[in-house]
Amino acid sequence: MILFWIFAGITLIGLAAYGFQVWAIRQTLKEREAARGEKTLLEGATPALPPLSASSPGISVLKPLRGIDDNLFDNLASVCMQDYPRYEIIFALQDYNDPAYKVAEKVREKYPEKDITIIVERCNAGLNPKVNNLTPAYKASKYEVILISDSNVMVGRDYLSKIATHMQDPDTGLVSNLIQGTGGRTLGSVFENLHLNSFIMGSVCFLDRFLKMPCVVGKSMLMRKRDLEAIGGFPAVKDVLAEDYLIGKRIEESGKKVILSHYMVRNVNHYWGMRRFLNRHVRWGKLRWRIGGFRYISELIGNPVFMSCIPVLLWEPSKVTASLLIASSCIKIMGDLYIGRIIRAPMKSLLYFLAPVKDIIIGIIWFIPILSNTVVWRGNRYIIGKDSLLSPCAETGKWSWGYRLTDAIKARFA
Amino acid sequence: MLLCDFHIHTKYSDGSVELRRAVDLFGQAGFDVIAITDHVVNGDSSFGKLAHRFRFTVNDKNFDDYMAHVRQESERAYDKYGMLVIPGIEISKNYISSDKSAHILILDIKEFIPACWSYEKIFLEAKGQDALIVACHPHHTSEMTMRETLFLWNNRDKYAKYIDAWEIANRDDVFNVISLKKYPYIANSDFHRARHLYSWKTLLNCEKKVEAVKRCIRHNKGVAITLFRN
């Protein structure tokens with residue numbers, strides 16, 4: 001019974017932390033716009049376009065492409081429709097055979113009036129494939145301000161004009177964005193969107209607001225070339241998995257501000273399978289474990305549904321243990337539903353009832369990073385070290401038998 | 001080269017994706033030409049009766065709506081993605097014996113063709129409509145859930161003259177017998193679910209026009225196949 005009360009106590013702490021996350025999201029959405037004299041998103045306003053200015057900085061939008069993401073055509077087209085006076089778009093690929101190349105070409109054909117370049121160049125500068133993809137695009141970019149925007153991101157027409165306003169402050173080093181998961185026609189993509197809109201968004205806002213820690217998610221990063229080069233440029237992060245986090249951290253350490261823009265970019269996930277959802281969160285978990293160390297434990301404590309589930313699993317279900325699980329699940333569903341409302345996530349209300357299931361799965365995969373230090377990313381296996389430093393993983397030799405056995409089992413059941 | 005898939009099912013028959021979403025899925029992935037080919041199932045067998053009972057088939061009653069919807073999506077797809085959408089059906093003659101069963105794609109169809117007609121009558125009607133005739137998954141497949149359709153291959157000497165092309169690859173299967181016989185070929189996904197997007201496809205070296213596509217397949221010059229993987 002003592003153990004039950006310990007878990008109940010941890011669940012309460014988790015719920016309190018979750019409450020702070022919800023509050024942080026609400027405040028982030030409310031105050032950022034209020035500070036600029038606009039009606040807030042929470043009050044139901046549609047953000048107005050700021051007046052275009054000839055002195056607005058030119059922006060090079062770097063789009064690293066690899067494979068077909070859900071909604072890829074629309075994602076790429078959305079960045080071509082910006083109401084912004086001076087910008088270029090560079091689609092960067094490693095290979096002409098990449099299926100994304102054809103989509104990039106179609107987008108360029110559809111918007112012939114836009115300054116669009118497609119760069120296909122194999123670059124093996126480091127172990128991080130995204131940095132390898134970005135390096136040739138960076139060299140070809142012509143403006144002082146660069147925007148790294150992932151291929152699975154969809155934006156509104158006012159995206160560039162909104163985030164570029166932060167660059168008027170010379171002390172601003174990097175601008176990142178909140179990410180909203182949308183779409184969801186399969187279970188994997190519903191889980192992904194629920195997780196992006198609750199845990200990821202909540203954690204980013206919580207860290208930014210209460211702990212003043214920059215938590216940059218690489219789906220959208222606006223910065224000046226000179227600030228990036230001051231921290232060593234792309235070569236400094238070519239062998240790390242969390243290049244986005246480290247760029248943000250180092251820019252802040254260099255004395256520049258890292259801004260979390262209120263502008264929400266959409267990550268469209270329609271047809272994710274469960275395997276893809278699990279792979280991504282195991283990889284992200286390993287990354288946070290290697291960067292955060294023992295702070296990673298706070299994620300488990302901050303998962304009240306999973307913590308309240310443990311007493312049900314460890315002891316036979318009773319009214320008390322089941323009540324705790326049901327109560328925490330209900331609070332989590334309501335909280336996620338509330339976040340969904342304030343960020344205007346286009347998700348059916350019934351799907352929020354899957355949030356506790358997703359939390360239990362996330363709780364289970366929380367343990368994997370502690371047991372394993374390898375990641376498979378875009379077909380390559382790496383050993384992940386401190387600060388997410390990657391090193392090649394031996395595919396032969398006596399220590400590789402475990403990977404080979406796992407691969408053989410996976411191949412057998414594929 | 002045009003990236004093409006000529007074998008796509010939607011919720012008009014047994015596909016799991018609605019027509020509009022199927023078109024978007026292929027458009028977002030950069031395809032140049034697709035054909036919507038929902039099943040028209042024969043009603044003279046127990047399998048066929050079940051398909052009609054559960055509405056897993058296009059029939060003479062909803063054919064006009066189906067065609068109107070495909071044409072509407074075709075216009076939208078061309079405007080948005082520059083993608084050609086060809087209306088078609090898959091004549092599905094399903095029987096308990098796989099040796100008696102056959103599936104035939106009729107591409108660029110204009111009028112309804114019932115699946116209970118004889119093979120000759122179906123082929124001649126399709127030719128009369130200037131439609132393209134493709135023999136689907138004509139040989140043994142690896143997919144356990146897929147019923148085999150061997151009739152056309154077993155009777156190829158009689159029917160090959162009517163058939164414009166044979167599926168040399170369908171989803172994950174490759175039928176090397178088509179290559180050995182030197183028949184005209186294309187490769188398709190037999191799309192029923194979103195994950196089937198990643199499968200064998202056809203590449204055509206021709207203009208992005210329906211007539212040019214049909215001519216290219218019939219002459220089988222400038223045709224290649226590719227395994228579309230993410």
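Residues numbered from 1 in each chain as written. Chains lettered and ligands numbered in written order. Predicted model: local features only at pLDDT ≥ 70, side-chain atom pairs only at ≥ 80, totals over all residues. Heavy atoms only, no water.

1. As for the overall build of chain B
The secondary structure content of chain B amounts to eight helices and 10 strands. The globule rule puts the C-alpha radius of gyration for 230 residues at 17 Å, and the 16 Å found for chain B is close to it. Summarising its shape, the C-alpha atoms of chain B cover approximately 40 × 40 × 35 Å along the three principal directions. The buried share among the 230 residues of chain B stands at 58%. Taking the contacts inside chain B whose residues are at least 6 apart along the sequence as the reference set, 66% of them involve residues at least 24 apart. (Helix = DSSP H or I, 4+ residues; strand = E, 2+ residues; numbered from the N terminus. Rg over C-alpha atoms; globule rule 2.2 N^0.38 Å. Buried < 20%, exposed > 50% of the residue type's maximum accessible area, 1.4 Å probe, protein only. Contact = heavy atoms within 4.5 Å.)

2. What about the confidence of the model for chain A?
This prediction gives chain A a mean pLDDT of 88; 90% of its residues lie at or above 70. Throughout residues 39-49 of chain A the model reports pLDDT below 50, and contacts reaching past four residues in sequence, or to other chains, amount to 21 contacts. (pLDDT = per-residue confidence, 0-100.)

3. Considering the sheet that holds strand E11 (residues 390-392) of chain A
Residue and element names in this part refer to chain A. Ordered by their spatial adjacency, three strands build an open sheet running E9-E10-E11, and the pairing between neighbours is antiparallel. The strands lining the two open edges of the sheet, one partner per strand, are strand E9 (374-377) and E11. This sheet shows a mean twist of 45 degrees between the axes of neighbouring strands, independent of strand direction. Sheet strands in contact with helix H9 (residues 274-292) are E9 and strand E10 (380-384), and its direction is about 135 degrees off that of E9. (Pairing = 2+ DSSP bridges. Axes fitted to C-alpha atoms, helices over the stretch in contact; angles between N-to-C directions.)

4. Brief notes about the packing of aromatic side chains
The tally for this structure, following the rule as stated, stands at 31 aromatic pairs over all chains. Centre to centre, the rings of Phe73(A) and Tyr81(B) are 5.1 Å apart; their planes meet at 75 degrees, and the pair counts as edge-to-face. Here the residue Phe73(A) occupies a position in helix H2 (residues 72-80), and Tyr81(B) occupies one in helix H3 (residues 63-81), the pair thus bridging two chains. Like Phe73(A), the residue Tyr81(B) is buried in the burial classification. (Phe/Tyr/Trp six-rings, centres within 6.5 Å; stacked < 30°, edge-to-face > 60°.)

5. Topic: the packing of H9(A) against helix H13 (residues 355-365) of chain A
Residues and elements named next belong to chain A. Close contact between H9 and H13 brings their axes to 10 Å; oriented N to C, the two are set at 50 degrees. The orientation of H9 relative to H13 falls into the category oblique. The handedness of the crossing between H9 and H13 comes out as right-handed. Each of Met274, Phe277, Leu278, His281 and Val282 in H9 lies in contact with H13, whose residues at this interface are Lys358, Ile361, Ile362 and Ile365. Its residues assigned to classes, the contact of H9 with H13 comprises seven nonpolar, one polar and one charged. (Parallel < 35°, antiparallel > 145°, perpendicular 65-115°, else oblique. Left-handed = near helix turned anticlockwise from the far one by under 90°. Nonpolar A, V, L, I, M, F, W, Y, C, P; charged D, E, K, R; others polar.)

6. Digging into the interface of chain B and chain A
The interface of chain B with chain A comprises 22 residues on the first partner and 13 residues on the second. Carbon and sulfur atoms supply 51% of the area buried between chain B and chain A, which totals about 1300 Å² over both sides. Asp32(B) is the partner of Lys106(A) in a salt bridge, and the nearest nitrogen-oxygen pair spans 3.6 Å. On the surface where chain B and chain A come into contact, there are nine residue pairs in polar contact (both at pLDDT 80 or more). Mapped by element, the contributors of at least two residues to the side of chain B that touches chain A are helix H1 (19-28) and H3 of chain B. Residue composition of the side of chain B that touches chain A, by class: 11 nonpolar, five polar and six charged. (Buried area = accessible area lost by both parts, 1.4 Å probe. Salt bridge = Lys/Arg side-chain N within 4 Å of Asp/Glu carboxyl O. Polar contact = N/O pair within 3.5 Å; in protein donor to acceptor, adjacent residues only side chain to side chain.)

7. Observations regarding the environment of Arg266(A)
Residues and elements named next belong to chain A. Tracing the sequence through the fold places Arg266 in strand E8 (residues 257-269). Accessibility expressed as a relative area gives 34% for Arg266, which makes it partly exposed. Along the sequence, Arg266 and Thr186 sit 80 residues apart, while their C-alpha atoms lie 18 Å from each other. Ignoring sequence-local partners within four residues, the contact set of Arg266 consists of Asn152, Val153, Met154, Gln180 and Thr182.

8. Points about the sheet that holds E8(A)
The pairing of strands in a sheet happens through backbone hydrogen bonds and is either parallel or antiparallel. Residues and elements named next belong to chain A. Within the open sheet, the eight strands sit side by side as E3-E2-E1-E4-E7-E6-E8-E5. Their pairing is mixed. Across the chains shown, the open sheet's two edge strands, defined by having one partner strand only, are strand E3 (116-120) and strand E5 (153-154). Two elements, strand E6 (residues 172-183) and strand E7 (residues 220-224), share three bridges in a ladder whose sense is antiparallel. Residue pairing across strands places Leu174 opposite Met223, the latter belonging to E7. Together, E6 and E8 form the strand contacts of helix H6 (residues 187-209), whose direction differs from that of E6 by roughly 150 degrees.

9. Quick notes on the nonpolar core
Ranked by internal contacts, the top residues of the largest apolar core, which has 129 residues, are Ile59(A), Ile106(B) and Leu152(B). Per-element accounting of this core gives the leading share, nine residues, to H6(A). Apart from residues no more than four positions distant in its own chain, Ile59(A) is found in contact with Tyr84(A), Arg86(A), Tyr87(A), Glu88(A), Tyr143(A), Val145(A), Leu147(A), Leu160(A), Ala164(A) and Leu222(A). Residues Val216(A), Leu241(A), Ala242(A) and Ile247(A) belong to the second largest nonpolar core, which totals 33 residues. (Core = buried A, V, L, I, M, F, W, Y, C linked by side-chain atoms within 4.5 Å.)

10. A few points about the side chain of Lys93(B)
Residues and elements named next belong to chain B. For Lys93, the position within the fold is in strand E3 (residues 84-93). In this structure the side chain of Lys93 is engaged in a polar contact, spanning 2.9 Å, whose partner is the backbone oxygen of Ala115. Not counting the four nearest positions on each side in its chain, Lys93 is found in contact with Asn42, Ser101, Ala102, His103, Ala115, Cys116, Trp117, Tyr119 and Ile122.

11. Focus: the pattern of salt bridges
All names here are of chain B. Counted according to the given criterion, the structure contains 34 salt bridges over all chains. The salt bridge involving Glu18 is made with Lys11; its shortest N-O contact spans 4.0 Å. Classification of Lys11 as partly exposed rests on a relative accessible area of 47%. Residues Lys208 and Asp32 are paired through a salt bridge, measuring 3.6 Å at the closest nitrogen-oxygen approach. Of this pair, Lys208 sits in the loop between strand E9 (200-204) and helix H8 (210-219) while Asp32 sits in the loop between H1 and strand E2 (33-41), and the two are 176 residues apart along the sequence. Overall, Lys208 belongs to the partly exposed group, its relative accessible area being 25%.

12. Quick notes on the pairing of strand E1 (residues 59-64) of chain A
Residue and element names in this part refer to chain A. The buried fraction of E1 is high, at six of six residues. Side chains of E1 alternate between two faces, with Ile59, Val61 and Lys63 and Ser60, Leu62 and Pro64 buried alike. By the bridge criterion, six bridges tie E1 to strand E2 (residues 87-93) in an arrangement that is parallel. Looking across to E2, one finds that Ser60 is bridged to Glu88. Each parallel crossover has a hand, and for E1 linked through H2 to E2 it is right-handed. Strand direction decides the pairing type here: E1 and strand E4 (residues 145-149), joined by four bridges, are parallel. From the neighbouring strand, Leu62 faces E4, where its bridge partner is Ile148. (Right-handed = clockwise from strand over helix to strand, strands pointing away.)

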